[in-house]
Amino acid sequence: MKTNKAEIYKNAFRLFLQDNYEKVTVVKLEKAIGLSCRGIYHHTKDKLGLFKAVVDTYIFEPHKVENKFVFAEDISLRDFLQTYIEGVERTMDYLSNELGVDRKECAKCYFQFLFQAYKYYPNFVEKMDAIFEKDQQMWRKIIDKAIASGEIRNDIATEEVVDMFRMAHLGMSYVLAFTTGLDTERLKRQFDAVYKLLK
């Protein structure tokens, strides 16, 4: 029997992606996880508690700025863009490995899971807002530093530049999730194009 908490969450994650929260029954959980209901709920209070633990593990933790990106005070915008792409790739690889599917399939499944979390996880919007705000703050700091150092022009508005980079990533992630999955090489080219416009 699997009693490792990480295995429980991983198997529950796969099940929630396959059947969606409302269709996941106790019988399905027992079969997917390899534990009795009592054994499962020893680790979490109930189905919602298990779902929340899975969301915490596979949405909130991987997307925390400190878990996704390496930030150094003296990093240039050019180097940060490369570091950002590498962080995105690490997150995609991690989720793909956890699900046991390729990146293309992972992207589709993951967006479906995000919508489940939005619907069933209490305070999901507030928690996502906090993660997005930390990400935005990091970008602001990088852009302001690049302006101050002369790496990019000083006649640009920080917020608009931050949005250009972040929306390129988030927009591509969403649109390509339904076709090829996010292509990080394409994202890198987009980042490079925006960077050149700022010089």
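Because the structure is a prediction, the values reported are computed rather than measured.

## Some details on the overall build of the protein chain
1) Next: For the protein chain, the helix and strand inventory stands at ten helices and zero strands.
2) Next: Seen in sequence order, the protein chain has helices and strands lined up from the N terminus as α-α-α-α-α-α-α-α-α-α.
3) Next: Seen through its principal axes, the protein chain has C-alpha atoms that stretch 60 × 30 × 25 Å.
4) Next: When each of the 199 residues of the protein chain is scored for burial, the buried share is 45%.
5) Next: Within the protein chain, counting contacts between residues at least 6 apart in sequence, those at least 24 apart form 67% of the total.
6) Next: Roughly 10600 Å² of accessible area belongs to the protein chain as shown, and the carbon and sulfur atoms make up 54% of that amount.
7) Next: Each charge class in the protein chain can be summarised by its mean position, and for the 31 positive and 30 negative side chains these summaries are 5 Å apart.

## Describing the pattern of salt bridges
1) Next: Considering all chains together, one arrives at twelve salt bridges under this definition.
2) Next: Taking the shortest distance from any N to any O, the salt bridge between R140 and E159 comes out at 2.4 Å. Here R140 is found in helix α8 (residues 124-149), whereas its partner E159 is found in helix α9 (residues 158-177), with 19 residues between them in sequence.
3) Next: We classify R140 as partly exposed; its relative accessible area is 21%.
4) Next: Residue class for E159 comes out partly exposed when judged on its relative accessible area of 32%.

## Observations concerning the nonpolar core
1) Next: Grouped together as the largest cluster of nonpolar side chains are 36 residues, with contacts concentrated most on F16, L50, V54, V55, I59, F113 and F124.
2) Next: Of all the secondary structure elements, the ones that give two or more residues to this core are α1 (5-19), α2 (26-33), α4 (47-63), α6 (77-99), α7 (103-120) and α8.
3) Next: For F124, the contacting residues outside a window of four places in its chain are V55, I59, F60, L114, A117 and Y118.
4) Next: Counting residues in hydrophobic clusters, the runner-up holds 30 residues, among them I147, I152, M172 and L182.

## A word on the side chain of T184
1) Next: Considering the arrangement of structural elements, one finds T184 in helix α10 (residues 184-198).
2) Next: With relative accessibility at 5%, the residue T184 sits in the buried group.
3) Next: A polar contact of 2.6 Å, which involves the side chain of T184, links it to the side chain of E89.
4) Next: When residues no more than four places from it in sequence are discounted, the contact partners of T184 are I85, V88, E89, M92 and R103.

## A word on the domain arrangement of the protein chain
1) Next: Domain assignment breaks the protein chain into domain 1 (1-63) and domain 2 (65-198).
2) Next: Spacing between the C-alpha centres of domain 1 and domain 2 amounts to 28 Å.
3) Next: Opposite the 21 residues of domain 1 that make contact, domain 2 presents 24 residues.
4) Next: Between domain 1 and domain 2, roughly 2200 Å² of surface is buried when both sides are summed, and carbon and sulfur atoms account for 66% of that area.
5) Next: On the domain 1 side of the contact with domain 2, L17, F60 and H63 bury the most area, a combined 32% of that side's loss.
6) Next: At the junction of domain 1 with domain 2, the criterion picks out one salt bridge.
7) Next: Our count for the domain 1 to domain 2 interface comes out at eleven residue pairs in polar contact (both at pLDDT 80 or more).
8) Next: Residue assignment for the side of domain 1 that touches domain 2 shows that the elements contributing at least two residues are α1 and α4.
9) Next: Broken down by element, the side of domain 1 that touches domain 2 gets its largest block of residues, 13 residues, from α4.

Thresholds applied
Residues numbered from 1 in each chain as written. Predicted model: local features only at pLDDT ≥ 70, side-chain atom pairs only at ≥ 80, totals over all residues. Heavy atoms only, no water. Helix = DSSP H or I, 4+ residues; strand = E, 2+ residues; numbered from the N terminus. Buried < 20%, exposed > 50% of the residue type's maximum accessible area, 1.4 Å probe, protein only. Contact = heavy atoms within 4.5 Å. Areas by Shrake-Rupley, 256 points an atom, 1.4 Å probe, with all protein chains shown as cover. Lys, Arg positive; Asp, Glu negative; His and termini not counted. Charge placed at Lys NZ, Arg CZ, Asp CG, Glu CD. Salt bridge = Lys/Arg side-chain N within 4 Å of Asp/Glu carboxyl O. Core = buried A, V, L, I, M, F, W, Y, C linked by side-chain atoms within 4.5 Å. Polar contact = N/O pair within 3.5 Å; in protein donor to acceptor, adjacent residues only side chain to side chain. Domains from an automatic or database assignment. Buried area = accessible area lost by both parts, 1.4 Å probe.

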